[in-house]
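Results of the structural survey
One letter stands for each residue in the lines below.
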Amino acid sequence: MTDLTLGLVVVGALAVAVVLLYNRWQERSARRDAERPFASAPPDVLLADPQGRQEPRLDTVRRVPDPPRGASPDPRVDYVIDLALPEAGDAQLAEGWRTITQRFARRALLSGAAGRWQAGLQLVSRAGVVGEPELVEFRSAVETLTARLGGSAAAPEMREALHAARELDRACAEADIQVALHVVGVPSAPRFDGQPFQAAARADGVTLTLDVPRTAEPSRSYEAMARAGRELAAKHGGRLVDDEGRELDERALAAIGVQLEVVRRLLAGRGLEPGSPLALRVFS
């Protein structure tokens, strides 16, 4: 979907504070049909820029991470099939599941023990919603494996699951934003070790970027980023500016922070607290 840049207007004599809001809904829609045949390895949707913008791109945002260690299928974002296996089937499940993970990669999850298992396929990510043919294939593969091991599988209705996934995808598209602050007139390679934001060099300084859905406590993390930007500018006689080169004062920066709390509440209302293991899976 197409990245959109939205402005935050501060009333009165304040300059316009522009935040980089990457809304990926249209980009997801445009890519689904083209990329679905290759969906076994989820595409990295952040590498391409259909508008040809020269905004900074950060490797830590580009990478499609593995699911958090110990992650289990979650019906809020996964299509979850309950499996019941005989004792002898448990030992053979891992080998059979390996074939499924080779097909569906990081989106397939398996958890359980002692004959009670859950097999899940992640339905929503930054790549969009899984297509119905792929979901049918996953369900068929799991049911076939379970039957071969002498067990049974109970799967939810697929159309309802896909409808819920599309609703979640739309909500996530509204909240899938990055905030960027530009510090111009400063050294191009400062270090911000241990900070929740990323720094990327630009021709005249540095861009600080916060991937909001993947960051715990985004408002507080944004405050840390803004503070670092102000301090860097003050130390080297630089300026903190928006995309158009307009200086960002304290009220403009505060207005951005207010908007981030709105985003946090939107995600939390969907059970996706920013920076949580589930949010990291969805926004990958």
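Not measured: the values here are computed from a predicted model.

Reading the values: rules and limits
- Residues numbered from 1 in each chain as written.
- Predicted model: local features only at pLDDT ≥ 70, side-chain atom pairs only at ≥ 80, totals over all residues.
- Heavy atoms only, no water.
- Helix = DSSP H or I, 4+ residues; strand = E, 2+ residues; numbered from the N terminus.
- Buried < 20%, exposed > 50% of the residue type's maximum accessible area, 1.4 Å probe, protein only.
- Contact = heavy atoms within 4.5 Å.
- Areas by Shrake-Rupley, 256 points an atom, 1.4 Å probe, with all protein chains shown as cover.
- Salt bridge = Lys/Arg side-chain N within 4 Å of Asp/Glu carboxyl O.
- Pairing = 2+ DSSP bridges.
- Axes fitted to C-alpha atoms, helices over the stretch in contact; angles between N-to-C directions.
- Phe/Tyr/Trp six-rings, centres within 6.5 Å; stacked < 30°, edge-to-face > 60°.

Here we look at the overall build of the chain
Check the secondary structure of the chain and you find eight helices and twelve strands. Put simply, the chain has 284 residues, and 46% of those count as buried. In the chain, the proportion of contacts linking residues at least 24 apart, taken out of those at least 6 apart, comes to 69%. With an accessible surface of roughly 13800 Å², the chain has 51% of that area assigned to carbon and sulfur atoms.

What about the pattern of salt bridges?
Counted under the stated rule, the structure contains 17 salt bridges. The shortest N-O distance in the salt bridge between E143 and R139 comes to 3.0 Å. Of this pair, E143 and R139 both sit in helix α4 (residues 132–148), four residues apart, roughly one helical turn. Measuring nitrogen to oxygen at the nearest pair gives 3.3 Å for the salt bridge that ties R220 to E217. Accessibility expressed as a relative area gives 45% for E217, which makes it partly exposed. A cluster of three or more residues bridged by salt bridges with shared partners is formed by E261, R264, R265 and E273.

Points about the sheet that holds strand β8 (residues 152–154)
Across the sheet, four strands lie side by side as β4-β5-β3-β8; this open sheet has antiparallel pairing. The sheet is open, and its two edges are formed by β4 (108–113) and β8, each paired on a single side. When strand polarity is set aside, the average angle formed by the axes of neighbouring strands in this sheet is 20°. Packing against the sheet, α4 makes contact with β3 (78–84), β4, β5 (116–122) and β8, and its axis sits at approximately 10° to β3.

What about the packing of aromatic side chains?
Evaluation of the coordinates by the stated rule reveals three aromatic pairs. With a centroid separation of 6.3 Å and an interplanar angle of 85°, the aromatic rings of W97 and F138 are classed as edge-to-face. Highlighted residues: W97 in helix α3 (residues 87–104) and F138 in helix α4, separated in sequence by 41 residues. When sorted by exposure, W97 lands in the same class as F138, which is buried.

Observations regarding unusual backbone geometry
The phi angle at A105 is positive, at roughly 55°, despite the residue not being glycine. With respect to the helices and strands, the residue A105 is situated in the loop between α3 and β4. Of note, the phi angle at E217 is positive, near 45°, even though the residue is not glycine. By secondary structure assignment, the location of E217 is in the loop between β11 (205–211) and α6 (218–236).

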